[in-house]
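# Residue-level structural notes
Chain by chain, the residues:
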Amino acid sequence: MEAAARDWSKSDGHGDFQRTRPASHAGSWYLGNAARLSSQLDEFMSRVPDKLDGRDLPIPGARVIIAPHAGYSYSGPCAAWAYKILDLANVKRVFLLGPSHTFYLKGCALSTFGKYSTPFGDLVVDGKAVDELMEDQKFSPIPVEYDIREHCLEMHLPYLWKRLEQTLGSDSSQFPPIVPVLVGDLSADGEKAVGSLLAPYLADPKNAFIISSDFCHWGKNYHYRPQLHNGLVRDQDAQWASLKIQPDFKTRADGSEPRDAEVPIHEVIKALDDLVMDSIKTGDHSDYYSILKGTNNTVCGRHPIGVVLAALEKMGGAQSGESKGKFQFVQYQRSNLAEKQSDFSVSYVSAYSIL
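These numbers come from a predicted model, not from an experiment.

Definitions and cut-offs
- Residues numbered from 1 in each chain as written.
- Predicted model: local features only at pLDDT ≥ 70, side-chain atom pairs only at ≥ 80, totals over all residues.
- Heavy atoms only, no water.
- Pairing = 2+ DSSP bridges.
- Helix = DSSP H or I, 4+ residues; strand = E, 2+ residues; numbered from the N terminus.
- Contact = heavy atoms within 4.5 Å.
- Axes fitted to C-alpha atoms, helices over the stretch in contact; angles between N-to-C directions.
- Left-handed = near helix turned anticlockwise from the far one by under 90°.
- pLDDT = per-residue confidence, 0-100.
- Salt bridge = Lys/Arg side-chain N within 4 Å of Asp/Glu carboxyl O.
- Buried < 20%, exposed > 50% of the residue type's maximum accessible area, 1.4 Å probe, protein only.
- 1 Å grid on protein atoms, 1.4 Å probe; cavity = no way out; pocket = protein on both sides within 12 Å on 5 of 7 lines; lining within 4 Å.
- Points joined across faces, edges and corners; volume = space filled by probe spheres on them.
- Nonpolar A, V, L, I, M, F, W, Y, C, P; charged D, E, K, R; others polar.
- Phe/Tyr/Trp six-rings, centres within 6.5 Å; stacked < 30°, edge-to-face > 60°.
- Expected span 1.5 Å × (residues − 1).
- Arc of directions from axis to C-beta.
- Polar contact = N/O pair within 3.5 Å; in protein donor to acceptor, adjacent residues only side chain to side chain.

## What to know about the sheet that holds strand β13 (residues 226-229)
By definition, the strands of a sheet pair up through backbone hydrogen bonds, in either a parallel or an antiparallel sense. Sheet architecture is open: three strands sit in the order β13-β14-β15, paired in antiparallel fashion. Either end of the sheet is taken by a strand with one partner, and the two such strands are β13 and β15 (241-242). Pairing of strand β14 (residues 232-235) with β15 involves two bridges; the strand directions are antiparallel. Residue pairing across strands places Arg 234 opposite Ser 242, the latter belonging to β15. Relative to the sheet, helix α7 (residues 265-282) contacts β13 and β14, its axis offset from that of β13 by approximately 115°.

## Digging into the sheet that holds strand β7 (residues 115-118)
Taken in spatial order, the three strands line up as β1-β7-β8 in an open sheet, and their pairing is mixed. This sheet does not close on itself; its edge strands, each paired only once, are β1 (20-21) and β8 (121-124). Pairing of β1 with β7, which is carried by two bridges, proceeds in the parallel orientation. Paired with Thr 20 across the strands is Lys 115, a residue of β7. The sheet contacts of helix α5 (residues 157-168) involve β7 and β8, and relative to β8 the element is tilted by about 90°.

## Considering the packing of helix α2 (residues 72-85) against α5
Interhelical geometry of α2 versus α5 gives an angle of 35° and a closest axis separation of 11 Å. Of the two possible hands of crossing, α2 and α5 adopt the one that is right-handed. Side by side, α2 and α5 meet where Tyr 72, Gly 76, Ala 79, Ala 80, Tyr 83 and Lys 84 of the first sit next to Pro 158, Tyr 159, Leu 160 and Arg 163 of the second.

## Details of the confidence of the model for the protein chain
Mean pLDDT over the protein chain works out to 92, with 92% of the residues at or above the 70 mark. Note that residues 1-15 has pLDDT below 50 and, in this model, 36 contacts with residues that lie over four places away or in other chains.

## What to know about the pattern of salt bridges
Throughout the structure, instances matching the rule amount to 13 salt bridges. Close ionic contact of Asp 147 with Arg 21 constitutes a salt bridge, the shortest N to O distance being 3.5 Å. Placement of Asp 147 in helix α4 (residues 144-149) and of Arg 21 in strand β1 is noted, with a sequence separation of 126 residues between them. Each member of the pair Asp 147 and Arg 21 is classed as buried. The closest approach of N and O atoms between Asp 136 and Lys 138, which form a salt bridge, is 3.6 Å. Classification of Asp 136 by relative accessible area gives partly exposed; the value is 22%. The exposure class assigned to Lys 138 is partly exposed, which follows from its relative accessible area of 34%. Each of Arg 21, Asp 147 and Glu 154 takes part in salt bridges that share partners, so that together they form one network.

## Things to note about the layout of surface pockets
Of the volumes computed, that of the largest pocket is approximately 640 Å³. Taken together, 28 residues line the largest pocket, and the ones lying closest to its centre are His 69, His 101, His 217, Thr 298 and Cys 300. When contributions to the lining of the largest pocket are tallied by element, the ones reaching two or more residues are α9 (302-315) and β17 (345-354). Classifying every residue of the lining of the largest pocket gives 14 nonpolar, 11 polar and three charged.

## Considering the packing of aromatic side chains
The final tally for this structure, using the stated rule, is 10 aromatic pairs. Here Tyr 30 and Tyr 72 contribute two aromatic rings whose centre-to-centre distance is 5.4 Å and whose plane-to-plane angle is 35°, an arrangement assigned as tilted. Remark: Tyr 72 occurs in helix α2 and Tyr 30 occurs in the loop between β1 and α1 (34-46); sequence separation between them is 42 residues. What makes Tyr 30 buried here is its relative accessible area of 4%. Three or more aromatic residues link up through ring pairs in this structure, and these residues are Tyr 30, Tyr 72, Tyr 83 and Tyr 159.

## Some points on the pairing of strand β11 (residues 207-212)
Burial analysis of β11 places six of its six residues in the buried class, which makes it a mostly covered element. Covered by surrounding structure in β11 are Asn 207, Phe 209 and Ile 211 together with Ala 208, Ile 210 and Ser 212, the residues of both alternating faces. Two strands pair when backbone bridges link them, and strand β4 (residues 62-67) and β11 are joined in this way by four bridges, in the parallel orientation. By the bridge assignment for β11, Val 64 is matched with Phe 209. Where strand β5 (residues 93-98) lies against β11, five bridges are found, and the strand directions are parallel. Paired with Arg 93 across the bridge in β11 is Asn 207.

## Observations concerning empty space enclosed by the protein
Vacant regions in the atomic arrangement are exposed by a probe of water-molecule size rolled over the atoms. The full count for this structure, using the stated rule, is one cavity of 30 Å³ or more. Within this model, the largest cavity holds a volume of roughly 40 Å³. When grouped by side-chain class, the residues that make up the lining of the largest cavity number five nonpolar, no polar and four charged.

## Side note on α1
Given a rise of 1.5 Å per residue, 13 residues ought to cover 18 Å, and the 18 Å separating the end C-alpha atoms of α1 matches this to within 8%. Every buried residue belonging to α1 is among Leu 37, Ser 38, Leu 41, Phe 44 and Met 45, and all of these are buried. Viewed end-on, α1 has its buried residues packed into an arc of 125°, placing them on one side of the element. The exposed residues of α1 that point more than 90 degrees off its buried face are Ala 35, Arg 36 and Ser 46. Elements that come into contact with the buried residues of α1 comprise α2 and α5. By the N-cap criterion, in which a side-chain oxygen at the helix start approaches the backbone nitrogen of a residue two or three places on, α1 is capped by Asn 33, the distance to Ala 35 being 3.1 Å.

Written out as structure tokens, the structure is:
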């Protein structure tokens, strides 16, 4: 499927819209050999059941997913759940939203590349959609060097290719174009403003949305090490300040609160991630934003998720008492079950929304 012609005259001098972004993390973060990579993805997806809650996969209408972006040896099996659920049968365009890891970004940025390379072949960027969004001052071009260094969008492309091939066949010229978007630092109102811009695209049944995010990053390198300390969850890297929003832990058999030593660090991490996931499942953007602010949970894709939640609210989806538009979480994993101060952990989730 050929993307609409882009107005190349809109380059700001920082990029060449006719260039192809290389698969810069192939061979390191994931396998660079196409045949081996294909087999690995097949194996990951074979671990996911063919039915979920009595429904065959992919689930019709599940065209919005949240999936992780770490190296495939860490998060590949978790991501397989979201991708096996993703419905691409009628999709004509795929938006990829992720956070910027390589430079500070205020607002949102769009790729200036015309194609993104994968070990399987190239995916075309939808120039028309990029130009439409670039007309709004909330969007700027991604500087080329940072686009190449960024991993959060690239890590989804092999999975996307695999699912497009399974859905549409091996002729990649029939694959829908992509719209790569980095979502940077935004206030609650900023997320709502961008969500309003994206809502018409999200409402279009011919568009799919892939949200790239890992969840809690725990460890000294992440400057975030909350644990149960003196009866409250406190962050060692914030001078043991207690979190403004506290997770609930199961009481002991006698009804008393558990002692610090009875709640390992990895259970604190899970409790903090549960708070975020529960807020996302409500579909309430304000609740989600408040939970993140109150826990300081290091969800790297917090703003891409927030933008899509705001867009769903703008659409009138995810309304109270309705399941349509609300996210369902189907997988939760951690890279390591942290137990001591020198440990580290990154959490991964897979979720989907039916529209």
